Every structure is written in structure tokens, then in C-alpha cells.
Amino acid sequence: MEHAAENISQNGSDAPDVIIRVRNLVKKFGPRAVADGYSFDIERGKTTVIMGGSGCGKSTLLKMLVGFLPVTSGDIYYDDLNITQLNDDEMDTIRRRFGILFQYGALFNSMTVGDNVALPLREHTKLDEKIIQMMVKMKLELVGLRSFEDLMPSQISGGMKKRVGLARAIALDPEIVYYDEPSAGLDPITSAVVDELIMKITSTLKVTSIVVTHHMDSAFRIADHMIMLDRGKIISEGTPQQIRNDPNPMVQQFINGEPDGAVPLNQTADSYISDLLGVK
Amino acid sequence: MSTAHQSIWVRLGKPAAYTGKLTILFLQVLRWIFIEPFRSRKGIRRIATVDHMVETGIRTMPTLFLIMFLVGLILAMQTANQLKQFGTTEFVPGLVGVAIVKEFGPLLTAIIVAARVGAAITAELGTMVVSEEIMALETMALRPVQFLVVPRFIAMLICVPALTIMADVVGMAGGFFLGITNLNILPIEYINNSLNYTDFSDVIEGFAKSLAFGGVVSIISCHEGLSVEGGAEGVGAATTKSVVSSILFIILTDLMFTIVFY
């Protein structure tokens, strides 16, 4: 409790109540380390944004956090449970604690919008069909798509698919919701709508949100805490304000979207002329 | 010398590893059919199974029946041509009947199902992998094998033998058509002749084969679909591989059955 009080005075916010702890997480594909020793905490009830350029290992990190991809080494704790040690059946209890909004919604194309949202309820609860229907309506209302229940995923737009995906992710009232690139492929208005939804769901359902994105506008709009990755390392971590003021040129280049700088525009190593002429 | 040796082992290793993967998927399917429904609440998805039976069974019928009728007709013409030289065209019904029930019926049915349904299964599951639907299933604590593979496996195991029996009848009808129009065999004579030469054991052999073929096609097409990597290109490559491997494994299974029943 003393520790908690200390943190209140430091951050001016609630005590850090950590829900997910990541320690020395390493993932290698062959000799290449996509994650090279990540260690960070995710606070309960807050929105944590994980940022980084394309190919920096954001998606890989997300896949490891949800137990879809085995880790090379390191630990991921949900409260005090290390999920890297769990088998598939044991992992199921953790899986029920989170929902995921996938980059393109990942709706099941053979089912209607309503059945997509109902699926986790039908498979994991013993609720009566009437109650399930009611819950589906409630979840769809939350994302503003109640009248679209009977349409097939192919009949709705990309932004709508994401919102249905979100309704499905929160169907079982999870404690944690993961968002994989929530604004990818959306126009600025729809993207803002999705950001609003993320904030609304985080506050009304009291969930912990973990957002993976490279959209700076939306990242700064929704984040309580930010983690910035580059080539398998955490290069900056803190509140949006701290990130903005980070003197690290790589962080500044990323925030301001400059094409050349600490991260060079030209990624090739050898001399252009000698490559063209075929001499080494 | 040693490199030649190595390359043989490497070449043998690949199909062995592939067969191993198929066996693992097959065992998982058996687990979700015979063990898990009694151990956990996760049973067999009946509605999905019926949907797949419609797709595998009923929708395959038109193509299959047309092909089988024509094959029966061709088979009768070819054998009649040969037998005419000996003046023994009355053996045509028997030859056509045995060839169709023991070999052509099961084999062609399986190949057509592999090309039509197997390819579609691989493409569908592959697309689900690419669009993260499989990941969505797993992270919702649902198992792709239980959810997607088992209904398709059961549908094929029921439909392929059923289709084969119907294909046999249609194929024999092709021979029958030639017999009564061209070979001056009386309809009743043709039917009697066919039945005389076709033993019940031949029907059993064809049935057993078709059951195995159904299993082979469904396991291969599901395995290929679930192991897609990359985007649309990966789905295309997997679909091709699915059909080619299915046909190869069908022929190998056929060979094994033929050796056993020889």
C-alpha cells in the first residue's frame, strides 16, 4: 500500500495495478531476433499503445502476448500466471479473459454478423438462445451496428467489419481487449470513430486495452501509456507527454513522420555504383 | 557415393514427414470425434456437418454422374471392340460391371471429389488462415480441428462411399446403354449378366476403398489449407498441392487395397 501511495504522488494517477508483466521476451526466426529482450508492464484498466514502424515486430509481440506464437525465451505473466509454460488446454482459461480486434476484423465469412458475435457466447456459455440474441443486440448497439445483424460480412464495409469484430471481441465481457492496427485501412473519420469506441469501451466496460498501431494521431488520442519499438528493442516508454518530449531522434522522426533521419531512408548496405556495375 | 546416399534419404524424408503430419491431423480428428465429445462439452458440430454433406454429396452428383455415364459407355465400347474379334460380346456387361465396381467407380469418385470439394476446402481454410480467422478461432479458445476439420471429415466419410455406390450404378448404366442399343443384348440379359459377374465381395472392396479415399482427401485438403503461408499466392499453391497430393495418395491407397484383395 505504501508502494501504491508513492506511485500516486509520482504519477498523479492511480496506483499501478499491473495485469500483464513481460520479462526478457525474446523471439527469434532463425538467427534473426524479432523481439530482443522486451520487458514491460501493462496496467489494469488503462490503454497501452504499442507503436513502431512496419516490420518492427509489433504483430509478433501481439501474437506472443495472446499465446498464439511460442516464445524463444522469456516470460509473460497474466497476474501471476506465466502463460509461456501453459499447454493448449490450460491456456483456454487465459483466452477467455481477453478479446482481440483483428486488423481486418477476421469475421467468419460463412456466418452472419449476428452469428459472428454470438459464436463465443454459444461456444463458451450455457445461456439460453433468447438471452444470447439479446446480448448480441447489446454488443452490436455498443458499436452502433444493431440493425446489421442479418447481413453477411461480405456485405458490409471494412470499417463496419472492424466494429463487428470489436463487438465479437467484447462478447464475453473480457478483462483485456487487444487491438491490432485498429485504424489500418480506414479513412480519418472512421478511424476516429474506432478510436472513440476504444475509449468508450475502455471506460464503460472497465477493460484493459492494448493497442498495436503505427498511426500517431490515434495513438496519442487514446493512450494512457506508450511503448515504442524499433528492430526488436523498446526505444521509448512512458506517457504520451513523455514520448513527445523524448529527445531520442528516432522517436522524434517517428512521431513527426520524417522520411529520413535516425532511421535512414536508404536501407541497402553496399555501394549503389558497385552493385550496378557488378563489382564487389 | 555418400552424397547420392544422402540425397535419397533427404528425398525419402520429405514424403515421410508429410505422411507424419497427415497422421497427426488424422489422430487429432479421431480425438475430437471419439474422446473430446465425452470428456468436454465440445461436441461434433452437427449443422456444419450436414452443410458440408450437401456440398460434398449433392453438389458433386451432376458432374460425377455425367462423367461416370460416359466412362461406362467408353469402357463398354472399348471392351466390345476387343471382344468382337472373338465373337464374345456377351462378356461386355460382366467386364464393365467388375471394372466399374472394383476400380473406376471408387477411383473416379474420389478424384472428382478431390478436385471439386478438396480444392475448395483447401482454398477456404487457406483464406481463413490468411485473413486471421484461424487465429481468431484459436484465441477464442476454439479448436480449428474440432470446429473446421471434423465436420468436413465426417461429411466426406459419409458422402464419398455413398457417391461411389451411385457412381457405380450410373457407370453401369452407360455400359447398359451401349449394350442394348449397339450390341443387341436384351436389357434383362444385360442386367443378369452384370450381376452374375459382380460378386458381393467386389462391392465390399469398392466400398472399403471409397471410405479410405474419403478420409485421405479430407485430411490432405484440410492439412494443406491450415498450413498455408503467405497471402493469395500461398492459397493458390496450397490448393494445387492439395489436389496433386490427394490424387497421389488415392492411387497409393488404391494400390494397397488391390494388393490386399488380389
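These lines cover the structure that appears in this document, whether it is placed above or below. Because the structure is a prediction, the values reported are computed rather than measured.

1. Side note on the nonpolar core
Phase 1 of the analysis: With 88 residues, the main nonpolar core has I20(A), I76(A), Y78(A), F98(A) and Y178(A) as its most contacted residues.
Phase 2 of the analysis: Sort the elements by how many residues they give to this core and helix 6 (residues 144–182) of chain B lands first, with 13 residues.
Phase 3 of the analysis: In contact with F98(A), not counting residues within four places along its chain, are V66(A), Y78(A), M91(A), P174(A), I176(A), Y178(A) and T139(B).
Phase 4 of the analysis: The next biggest cluster of nonpolar side chains, apart from the first, holds 39 residues, and it includes A118(A), I132(A), V164(A) and I243(A).

2. As for the packing of aromatic side chains
Phase 1 of the analysis: Scanning the entire structure with this criterion turns up eight aromatic pairs over all chains.
Phase 2 of the analysis: Where F69(B) meets F177(B), the ring centres are 6.0 Å apart and the plane angle is 50°; that geometry is what we call tilted. With F69(B) in helix 3 (residues 61–84) and F177(B) in helix 6, this residue pair connects regions lying 108 residues apart in the sequence.
Phase 3 of the analysis: For F69(B), a relative accessible area of 27% gives the class partly exposed.
Phase 4 of the analysis: An angle of 85° between the planes, with centres 5.5 Å apart, marks the rings of F176(B) and Y190(B) as edge-to-face. Note that F176(B) is positioned in helix 6 and Y190(B) in helix 7 (residues 187–197), a separation of 14 residues in sequence.
Phase 5 of the analysis: Judged by relative accessible area, which is 23%, F176(B) ranks as partly exposed.
Phase 6 of the analysis: An aromatic cluster is defined as three or more aromatic residues linked by ring pairs; in this entry it consists of Y78(A), F98(A) and Y178(A).
Phase 7 of the analysis: Between R21(A) and the ring centre of Y77(A), over which it is positioned, the NZ or CZ distance is 4.5 Å.
Phase 8 of the analysis: The side chain of R45(B) reaches across the aromatic face of F147(B), ending 3.7 Å from its centre.

3. Some thoughts on the sheet that holds strand 6 (residues 98–101) of chain A
Residues and elements named next belong to chain A.
Phase 1 of the analysis: Taking strand neighbours across the sheet as the criterion, the six strands line up as 6-7-8-3-9-10 in an open arrangement whose pairing is mixed. In this open sheet, the two edge strands, each paired with only one partner strand, are strand 6 and strand 10 (233–238). Pairs of neighbouring strands in the sheet enclose a mean axial angle of 15°, with direction left out of account.
Phase 2 of the analysis: In this sheet, strand 8 (residues 208–213) lies alongside strand 3 (residues 47–52) in parallel orientation, the contact comprising five bridges. Each residue of the ladder has a partner; that of V49, found in strand 8, is V211.
Phase 3 of the analysis: Packed on one face of the sheet, helix 6 (residues 158–169) meets strand 6 and strand 7 (176–180) and runs near 175° to strand 6.
Phase 4 of the analysis: Set on the sheet, helix 10 (residues 249–256) makes contact with strand 3, strand 9 (225–230) and strand 10; between it and strand 9 the angle comes to about 105°.

About the cut-offs
- Residues numbered from 1 in each chain as written.
- Chains lettered and ligands numbered in written order.
- Predicted model: local features only at pLDDT ≥ 70, side-chain atom pairs only at ≥ 80, totals over all residues.
- Heavy atoms only, no water.
- Core = buried A, V, L, I, M, F, W, Y, C linked by side-chain atoms within 4.5 Å.
- Buried < 20%, exposed > 50% of the residue type's maximum accessible area, 1.4 Å probe, protein only.
- Helix = DSSP H or I, 4+ residues; strand = E, 2+ residues; numbered from the N terminus.
- Contact = heavy atoms within 4.5 Å.
- Phe/Tyr/Trp six-rings, centres within 6.5 Å; stacked < 30°, edge-to-face > 60°.
- Lys NZ or Arg CZ within 6 Å of the ring centre and 35° of its normal.
- Pairing = 2+ DSSP bridges.
- Axes fitted to C-alpha atoms, helices over the stretch in contact; angles between N-to-C directions.

Take it as geometry only, folks, not as evidence of what the structure does.
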